[in-house]
Amino acid sequence: MSRKIIVGAAQLGPIARSDSRRVVVGRLIELMREAKARGCDLVVYPELALTTFFPRWYFEAQDEVDTWFERELPGPDTQALFDEALRLSIGFYLGYAELTEQGGRVRHFNTSVLVGKRGELIGKYRKIHLPGHTENEAWRPFQHLEKRYFERGDLGFPAFQAKFNEHQGIFGMALCNDRRWPETYRVLGLQGVEMALIGYNTPLHYAQVPEHDHLQAFHNHLSLQAGAYQNGMWVVGVAKAGIEEGCDLLGQSCIVAPTGEIVSMCSTVEDELITESCNLDRCREIKENVFNFELHREPDTYRLIVETKGAIKPL
Ligand code: CDV
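The structure displayed is predicted, hence computed values, not measured ones.

Cut-off values and rules
Residue numbering note: each chain is counted from 1, following its sequence as written. Local features in this predicted model are restricted to residues of pLDDT 70 or higher, and side-chain atom pairs are both shown and tallied only at a pLDDT of 80 or more, whereas totals for entire chains, interfaces and linings draw on every residue. Only hydrogens and water are set aside; all other atoms, that is, all heavy atoms of the structure, feed into the side-chain values. The way it works is that DSSP assigns letters per residue, a run of H or I at least four long becomes a helix, a run of E at least two long becomes a strand, and they are numbered from the N terminus. For each residue, the accessible area found with a 1.4 Å probe, counting protein chains only, is set against the maximum for its type, and the residue is called buried under 20%, exposed over 50%, and partly exposed in between. N or O atoms closer than or at 3.5 Å make up a polar contact, with two conditions inside protein: a donor-capable atom paired with an acceptor-capable one, and, for residues adjacent in sequence, both atoms drawn from side chains. Throughout, a contact is declared for two residues whenever any of their heavy atoms are within 4.5 Å. Strands are treated as partners if at least two bridges between them are detected by DSSP. To obtain an axis, a line is fitted to C-alpha atoms, over the contacting stretch when the element is a helix, and the angle between two such axes runs from 0 to 180 degrees between their N-to-C directions. We call a residue near a molecule or strand when any one of its heavy atoms sits within 4 Å of it. All accessibility values rest on the Shrake-Rupley procedure with a 1.4 Å probe; residue burial counts only the protein chains present in the view. Each residue is assigned to one class: nonpolar for Ala, Val, Leu, Ile, Met, Phe, Trp, Tyr, Cys and Pro, charged for Asp, Glu, Lys and Arg, and polar for all the others, Gly among them.

Novice: Help me understand the side chain of Asn110, please; the structure alone is not making it clear to me.
Specialist: Relative to the helices and strands, Asn110 is located in strand β4 (residues 105–115). Under the relative-accessibility criterion, Asn110 is labelled buried at 0%. Here the side chain of Asn110 touches Glu146 through a polar contact of 3.2 Å, side chain to side chain. Among all residues touching Asn110, those that are not within four sequence positions of it are Glu47, Leu48, Tyr96, Tyr125, Arg126, Lys127, Glu146, Phe150 and Leu175.

Structure below.
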């Protein structure tokens, strides 16, 4: 059997603080057209793909914070992207900052959506692992205030049955820091996910442990490759890259096969599209063998070890 889907990872170069949504949407559309011309069924954009990575600044006034958020999607500035996707008949994943009202309460999430080729909303994900800090920390060269500006996602890690061509597949989403956590992939893997879509914004400088700065690319790929292999799924990791408002962001967007191999990777830190024909049936090589959960996983034993606070006996 062969269930092939051609996927495009649409890496973005830097977005300036002064760039309007319309300018950015123009870049997204250009990448989408290229993806279509190269035969893609689905195109994947980064986390917070409509603006600069605003959590690097401390804003005192909530009104100012809210200017970075979308109150509706599609909205006046983003409708053109949805229209173009429909015209081209291509699906897409998009990361953005979501402002919504629920039960009379204004809520803020770091969100991604998966949109089908007929323009339908297939699913939504709200980032669960929010990195950074809550207060302004003047000692840092730049802030990382995700914990201040966003609430933890409340949708879990849902899996979605979707069709971007004649083949059906099971898709999941995550955002940036989520990709470092094995739980992200495992929760998706337990639901049979065959392709995880993950946008990211990763500064090369990690202020708390600068000794690790040179490891950013390694840790990125280590996490994406391990998650793919240990759960037998394709992983599409897409960066916002390059020097954005003085902050150097990691590129190296890549598509990882269920074997854990990187099969395609960006070579610039600019707007760049890479594509791959991904056979979802290749997930079975792993899911039915080395990581056959039904056959080899031992959840009862893991539970016991956690309940007894570990199996290590005192000497
Ligand atoms: N946007 C992110 O979640 N960035 C984090 C950084 C702060 C470590 C990441 O895990 O890449």
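There's plenty left to go through after this.
Novice: Sorry, what's going on with the sheet that holds strand β6 (residues 159–163) here?
Specialist: Each strand in a sheet pairs with its neighbour through backbone hydrogen bonds, running either in the same direction (parallel) or in the opposite one (antiparallel). Read across the sheet, 6 strands follow the order β6-β7-β8-β9-β12-β13 without closing on themselves; strand pairing throughout is mixed. The strands lining the two open edges of the sheet, one partner per strand, are β6 and β13 (262–265). The average undirected angle you get between the axes of adjacent strands in this sheet is 25°. As paired elements, strand β9 (residues 234–239) and strand β12 (residues 254–256) share 3 bridges and run antiparallel to each other. Looking across to β12, one finds that Val236 is bridged to Ile255. Helix α6 (residues 216–231) contacts β8 (195–200), β9, β12 and β13 of the sheet and is inclined by roughly 30° relative to β12.

Novice: Where do I start with the site of the ligand in this structure?
Specialist: Around the ligand, the neighbouring residues are Glu47, Phe53, Lys127, Pro131, His144, Glu146, Cys176, Asn177, Arg179, Arg180, Asn201 and Thr202. Between an oxygen atom of the ligand and a side-chain N or O atom of Asn177, the distance comes to 2.8 Å. Within the side chain of Thr202, an N or O atom sits 2.6 Å from an oxygen atom of the ligand. Notes on the ligand: free accessible area 320 Å², of which the protein chains cover 93%. When the residues that make up the shell around the ligand are grouped by side-chain class, the tally is 3 nonpolar, 4 polar and 5 charged.

As far as function goes, none of this settles anything; it's purely spatial.
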